[in-house]
Amino acid sequence: LLPALTPSHPQGINVYVGKHRSALVRAGGSLAGLQARLREVAQVMSFTASSIAAALSDRVPDAQLSPDARRNLKSSLGYEITFSLLNPDPKSHTVDWDIEGAVNRYVKPVLDKLSLVANFSVDSQILYYAVLGVTPRYDKESSSFILSAHSLPHVINPVEARLGSSAASLYPVLNFLLYVPERSHSPLYIQDKDGAPVSTNAFHSPRWGGIMVYNVEAPAAPQASLPLHVDVDMARVMEVFLAQLRLLFGLSREEVPPEFLLESPGNEGLADWELDHLLWAHTVENIATVSTTLTSLAQLLDKIGNIVIKDDVASEVYQAVASVQSAVTQLSLGHLHAAFQASKEAVTSSERAFFDPSLLHLLYFPDDQ
Amino acid sequence: GPGRADAGRERRDALREELLLSPLPTGDVAATFQFRTRWDADLQRGAVSHYRLFPKALGRLVAALGVRELHLALTQGFWRTRYWGQPPLQAPAGAELWVWFQPTVTDVDKAWKELSNILSGIFCASLNFIDSTNTVTPTASFKPLGLANGTDHHLLRYAVLPREVVCTENLTPWKKLLPCGSKAGLAVLLKAERLFHSSYHSQAVHIRPICRDASCLAVSWELRQTLTVVFDFFSSGQGKKDWSLFKMFSRTLTDTCPLASQSKVYVDISPKNKENELLEVSPPPTSVHEAIVQGDKKTYAVYDLLSPSLFNTSRSLNVQLKWKRPQDSSEMPIPTLHAQRYVGGYGLQTGEICTLIYNTHPYRAFPVILLETVPWYLRLYVHTLTIITKGKENKPSYIHYQPAQDRRRPHLLEMLIQLPANSVTKITIQFERALLKWTEYPPDPNHGFYVGSSVLSALVPSVTAMKDMDVEQSPLFTSLFPSSDGSSYFVRLYTEPLLVNLPTPDFSMPYNVICLTCTVVAVCYGSFYNLLTRTFHVEEPSRGGLAKRLANVIRKFRGVPPL
């Protein structure tokens, strides 16, 4: 807490949240105002009622959830991130991007910090003749092409057919696409709901990934030889993609009160308290998933008497229950990392028990034999 | 036209596309496409990989499962070697998959199962039916075609599914793997409605490691996608021997793929006899290429799609082939090595598999490796194996036989047989048909059970000396017609698949039994019960109840006689 008269901070900012785990609060006025301010700090840095409901979204009936509840990525043991460059017009543009360097310089520090949460793997590809499913509208005033906000949901499906499935692994995939519009549709801008062009020219879809449109300037001489050579500015592109990554994971807060100033986390992409919040949310979600799985298994056994539970399946169930209990106790003690590990083990054990093929071996065996 | 603006840039991958049109002796025409992507990178396990021309789906598969070489072919139809000549690249009917794994893979069977399941998803083919009952480990055939550091044959797996059908839904994912898709370059000709209206259709994917340069210090990966189709003279050609790209594919070539560094069309215009040419091509080709292919000197007219002069006169290229004079049917050349296989015997208990191998070379003898994979339900008796050439017994110099285990493993028979010059070799082996359990029959059991094609691999000596061709200069010819030294060329032939009937139970019997039993019970029991319990009573006629008296009153009023 600081006394009210410190001139070193700009006016109008009363709370400064640091990048590790501390915050500076300016004290001024009454104790009640201070209490309200402290509550706001706790809500920003830690959890609110709606974020608890969002983490437990599996177990909470739909009516109690806010509409933003299911936006963040589901907790998983690993994620695959794929960067794709879409070039629908290779005759006019030869696009090159130094994706390997950009991944090492910008993306790797963030993923290293997030490696506590899950395993990440990154790859990239270039797709040619891949078009967006929507024809953009020509706007005479700005002499450019416009993609309006209500046509954006139709863009993703046709593109997804070309992206390819990740056949070799079971983790969910996050796709980040960079689209270089065709020469006949350049420049292309994305418009938000109010009709203003979006400054970053990008949008993201929760639980799927993000798309950014990269406009190429028309050449100065109209007779320049085709194809034009384009070198993508990876810094600009990676800024947008990393911001979208934060939004997909739910790290960025949308409702920060106006008096707050958050310190920029720098190269690592996220502050320590944000990482703690993510770990906490994933732990709670894992515990909810495990309890749903084991409850379903118990209900199934009540209904169908023929299911055989072998010894190894039983030991997995016991292990899952023990891990969940240890995760809950660790959470109440505040040991976040241990709780997260325990919850991960609980999820693995419960999935292995529920999906074991030996459960169905004697399912259709007649009762009288 | 489009310029090569990236000429100054160092690229680590390159795409070459080629099309070979060869008219066949019977008036049909064969078209072979080859799309070759070469990537100067090493696909390691776990390393981050950034793909450009090489498709990500296959690259991740190779890296994750430790695959060294992968060959997958899906074929519909049969190449008639006797009438069409030696095939450029043959594949057996159905689906064939053979894979060499890296020595670092510890559990090859597990990796094989995962690989076949993932490929089944990528190509929409039922390759997930590949399991231990149709997988074998050949010891002598199927040596690696790429770089190899020692060949432990336990890292090789081979499986063939003869019943697999190829259709449009297999062609679409195959086309999706090409960098330009089917939007530009030679792939615009690949339209399903014409490609499947043909006598023979075969599409294949081959992945292998190759030397990066002559010193072979580094490894590059090569992906070859090939498609061979034979258009029938009668159904597609409408009885006329004039072929053109438009007539075959209902499309013409309009532009090149901007990502291809080479894009060529070759037309086989070799004269059949020495005097004059048989075939006239229009528009005039950009160049003429001569090569010795499979022991014959052949001439090819080459259209280089990247040369600017080609699209000057017209926007599209429609290669037309016209026959200058009618062809005699007596001019059909006979291939040096061809084979036939059939099932002999009668009844549903025993039978015999006969393979006939013809060596028509006038004075040279050469050995051939025969690989037979027979399913476990045809129990082979190896003591009845006889090989007869020119009336005398011919003992093979190498035999590898692995007997089958019921429901677990098929029979594997590999032999190295010396074929004398100008001879016919007959190989026969007897088998007994097994009785399967009633749940093991497929949905249409009276169709029969397929036995996969047998494979013949040989180095056929050629009449004319061949010179080594550089892989980079003409990748099509080195891959279609490989030759390690100038005096012989490598041929792999497949025989016909066999269709064998097993003793099949009558599946309508449960229904018949139920009907008969119910009828007998109903008739017998019913009449017996009737006989035993039916008694006769005398019944007094009753005076009639109230309803009858009321009805009589009404009838009296109407004047009708009473009841």
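From a predicted model like this one, the values you see are computed outputs, not experimental measurements.

> What is the right way to look at the overall build of chain A in this model?
Each helix and strand counted, chain A has eight helices and 13 strands in total. Within the span of chain A, comprising 369 residues, buried residues form 45% of the whole. Summarising the internal contacts of chain A: among those between residues at least 6 apart in sequence, 75% fall at separations of at least 24. Looking at chain A as shown, the accessible area adds up to about 19200 Å², and 56% of this sits on carbon and sulfur atoms.

> I'm lost on the overall build of chain B in this one. Help?
Looking only at helices and strands, chain B has nine helices and 26 strands in total. Counting every position in chain B, which comprises 563 residues, the buried fraction comes to 50%. For chain B, long-range pairs separated by at least 24 residues make up 76% of all intrachain contacts whose partners lie at least 6 apart in sequence. Carbon and sulfur atoms provide 56% of the accessible area of chain B, an area that totals close to 27200 Å².

> I would appreciate a short explanation of the sheet that holds strand β3 (residues 78-87) of chain A in the present structure.
Think of a sheet as strands paired side by side through backbone hydrogen bonds, with each pair either parallel or antiparallel. All names here are of chain A. Taken together, the five strands give an open sheet; going across it, the order is β5-β3-β8-β11-β10, and neighbouring strands pair in mixed fashion. In the strand order of this sheet, the two ends are held by β5 (119-128) and β10 (202-205), each with one partner. Averaged over all adjacent pairs, the angle separating strand axes in this sheet is 15 degrees, with direction ignored. Pairing analysis gives five bridges linking strand β8 (residues 173-179) to strand β11 (residues 209-213), with the strands arranged parallel. Paired with Tyr179 across the two strands is Val213, which belongs to β11.

> Would you take a moment to explain the domain arrangement of chain B for this structure?
Residues and elements named next belong to chain B. Annotation of chain B at the domain level lists domain 1 (24-323) and domain 2 (337-500). Each of domain 1 and domain 2 has a C-alpha centre, and these two points are 24 Å apart. Counting residues at the interface gives 42 residues for domain 1, matched by 45 residues for domain 2. Summed over both sides, the interface of domain 1 with domain 2 buries roughly 3800 Å², with 62% coming from carbon and sulfur. Across the domain 1-domain 2 interface, the total number found is seven residue pairs in polar contact (both at pLDDT 80 or more). Examining the composition of the side of domain 1 that touches domain 2, we find that four residues originate from one element, strand β2 (residues 29-39), more than from any other. Its residues assigned to classes, the side of domain 1 that touches domain 2 comprises 19 nonpolar, 16 polar and seven charged.

> Whenever I open this one, the state of the cysteines confuses me. Can you help?
Every disulfide links exactly two cysteines, by a covalent bond between their sulfur atoms. All names here are of chain B. The tally for this structure, following the rule as stated, stands at two disulfides over all chains. Disulfide pairing places Cys180 opposite Cys257 at an S-S distance of 1.8 Å. Between Cys180 and Cys257 the disulfide shows an S-S torsion of about 80 degrees. By sign, it is right-handed. Residue Cys180 is found in the loop between α4 (168-176) and α5 (192-195), and its partner Cys257 is found in the loop between α6 (245-249) and β10 (260-268); the two are separated by 77 residues along the sequence.

> Sorry, what's going on with the sheet that holds strand β7 (residues 144-147) of chain A here?
Residue and element names in this part refer to chain A. Ordered by their spatial adjacency, three strands build an open sheet running β6-β7-β9, and the pairing between neighbours is mixed. Of all strands in the sheet, those bounded by a partner on one side alone are β6 (137-139) and β9 (188-190). Averaged over neighbouring strand pairs, the angle between their axes works out to 40 degrees when direction is ignored. The pairing of β6 with β7 spans three bridges and is antiparallel. Across the sheet, Asp139 pairs through a bridge with Ser144, a residue of β7.

> Would you explain the interface of chain A and chain B in this entry?
Frequently, the measure chosen for interface size is the accessible area that the parts lose on association. Opposite the 26 residues of chain A that make contact, chain B presents 24 residues. Of the roughly 2300 Å² buried where chain A meets chain B, counting both sides, 54% is carbon and sulfur surface. Its largest share of buried area at the contact with chain B, chain A owes to Lys91, Tyr128 and Tyr129 of chain A, together 25% of the area lost on that side. Between Arg60 of chain B and Glu80 of chain A there is a salt bridge; the shortest N-O distance is 3.1 Å. Applying the counting rule to chain A against chain B returns eight residue pairs in polar contact (both at pLDDT 80 or more). Elements with a minimum of two residues in the side of chain A that touches chain B: β3, β4 (93-96), α3 (99-113), β5, α4 (153-163) and β12 (228-231) of chain A. A per-element tally of the side of chain A that touches chain B places β5 of chain A first, with six residues.

> When you look at the environment of Thr252 of chain B in this model, what are you seeing that I'm missing?
Residues and elements named next belong to chain B. Structurally, Thr252 can be placed in the loop between α6 and β10. Each C-alpha atom, one on Thr252 and one on Leu189, is 6.9 Å from the other, the two residues being 63 residues apart in sequence. Beyond its immediate sequence surroundings of up to four residues, Thr252 is in contact with Val188, Leu189, Phe246, Ser316, Leu317 and Asn318.

> It is not clear to me how helix α5 (residues 234-249) of chain A should be interpreted in this structure. Could you clarify?
Structural remark: α-helix, 3.6 residues per turn; residues separated by three or four positions point the same way. All names here are of chain A. An ideal rise of 1.5 Å per residue puts 22 Å on 16 residues; α5 measures up with 22 Å between its terminal C-alpha atoms. For α5, every residue scored as buried is listed here: Met234, Val237, Met238, Val240, Phe241, Gln244, Leu245, Arg246, Leu248 and Phe249. Directly after α5, the chain includes Gly250, whose backbone phi takes a positive value near 80 degrees.

> I tried to follow the side chain of His50 of chain B on my own but got confused; where do I start?
Structurally, His50 of chain B can be placed in the loop between β2 and α1 (56-65). Given a relative accessible area of 15%, His50 of chain B falls into the buried group. A polar contact of 2.7 Å, which involves the side chain of His50 of chain B, links it to the side chain of Ser124 of chain A. Setting aside chain neighbours within four positions, we find His50 of chain B in contact with Ile99, Glu100, Val103, Asp123 and Ser124 of chain A together with Trp39 of chain B.

> Sorry, what's going on with the packing of aromatic side chains here?
Two aromatic rings, taken as a pair, are described by how far apart their centres are and by the angle between their planes. Applying the stated criterion across every chain, the model contains 24 aromatic pairs over all chains. With a centroid separation of 6.0 Å and an interplanar angle of 65 degrees, the aromatic rings of Phe120 of chain A and Phe249 of chain A are classed as edge-to-face. Here Phe249 of chain A lies in helix α5 and Phe120 of chain A lies in strand β5, a separation of 129 residues in the sequence. We note that Phe120 of chain A, like Phe249 of chain A, is buried. Look at Trp79 of chain B and Trp84 of chain B: their rings are 5.1 Å apart centre to centre, the planes differ by 80 degrees, and that puts the pair in the edge-to-face class. Within the aromatic cluster, the residues linked to one another by ring pairs are Phe33, Phe35, Trp174, Phe231 and Phe249 of chain B. Over the face of the ring belonging to Trp243 of chain B we find Lys247 of chain B, whose NZ or CZ atom lies 5.6 Å from the ring centre.

> I would appreciate a short explanation of a nonpolar patch on the surface in the present structure.
Nonpolar side chains collect at one region of the surface, where Leu550, Val553, Ile554 and Phe557 of chain B lie side by side and expose about 450 Å² of accessible area between them. Overall, the relative accessible area of 55% leaves Leu550 of chain B in the exposed class.

> Sorry if this is basic, but what is going on with the confidence of the model for chain B here?
The predicted coordinates of low-pLDDT regions are not to be read in fine detail. Residues and elements named next belong to chain B. A residue-level look at chain B finds 90% of positions with pLDDT of 70 or above and a mean pLDDT of 86. This model gives residues 1-8 a pLDDT under 50, and the stretch forms eight contacts once residues within four places in sequence are excluded. Across the assembled chains, the prediction reports ipTM 0.83 with pTM 0.85.

> Hey, could you run me through unusual backbone geometry in this one?
If a residue is not glycine, its phi is most likely negative; likewise, a peptide bond is most likely trans. Across the junction of Ser186 of chain A and Pro187 of chain A, the peptide omega takes the value -20 degrees, indicating a cis bond. With respect to the helices and strands, the residue Pro187 of chain A is situated in the loop between β8 and β9. Of note, the phi angle at Cys216 of chain B is positive, near 60 degrees, even though the residue is not glycine. Position of Cys216 of chain B among the secondary structure elements: in the loop between β7 (200-211) and β8 (219-231). Its identity is not glycine, yet Lys390 of chain B carries a phi of approximately 50 degrees, on the positive side. Secondary-structure assignment places Lys390 of chain B in the loop between β18 (378-389) and β19 (392-393). With a relative accessible area of 57%, Lys390 of chain B lands in the exposed category.

Reading the values: rules and limits
- Residues numbered from 1 in each chain as written.
- Chains lettered and ligands numbered in written order.
- Predicted model: local features only at pLDDT ≥ 70, side-chain atom pairs only at ≥ 80, totals over all residues.
- Heavy atoms only, no water.
- Helix = DSSP H or I, 4+ residues; strand = E, 2+ residues; numbered from the N terminus.
- Buried < 20%, exposed > 50% of the residue type's maximum accessible area, 1.4 Å probe, protein only.
- Contact = heavy atoms within 4.5 Å.
- Areas by Shrake-Rupley, 256 points an atom, 1.4 Å probe, with all protein chains shown as cover.
- Pairing = 2+ DSSP bridges.
- Axes fitted to C-alpha atoms, helices over the stretch in contact; angles between N-to-C directions.
- Domains from an automatic or database assignment.
- Buried area = accessible area lost by both parts, 1.4 Å probe.
- Polar contact = N/O pair within 3.5 Å; in protein donor to acceptor, adjacent residues only side chain to side chain.
- Nonpolar A, V, L, I, M, F, W, Y, C, P; charged D, E, K, R; others polar.
- Disulfide = S-S within 2.5 Å.
- Salt bridge = Lys/Arg side-chain N within 4 Å of Asp/Glu carboxyl O.
- Expected span 1.5 Å × (residues − 1).
- Phe/Tyr/Trp six-rings, centres within 6.5 Å; stacked < 30°, edge-to-face > 60°.
- Lys NZ or Arg CZ within 6 Å of the ring centre and 35° of its normal.
- Patch = residues over 30% accessible without salt bridge, like charges linked within 9 Å, V, L, I, M, F, W, Y side chains within 5 Å.
- pLDDT = per-residue confidence, 0-100.

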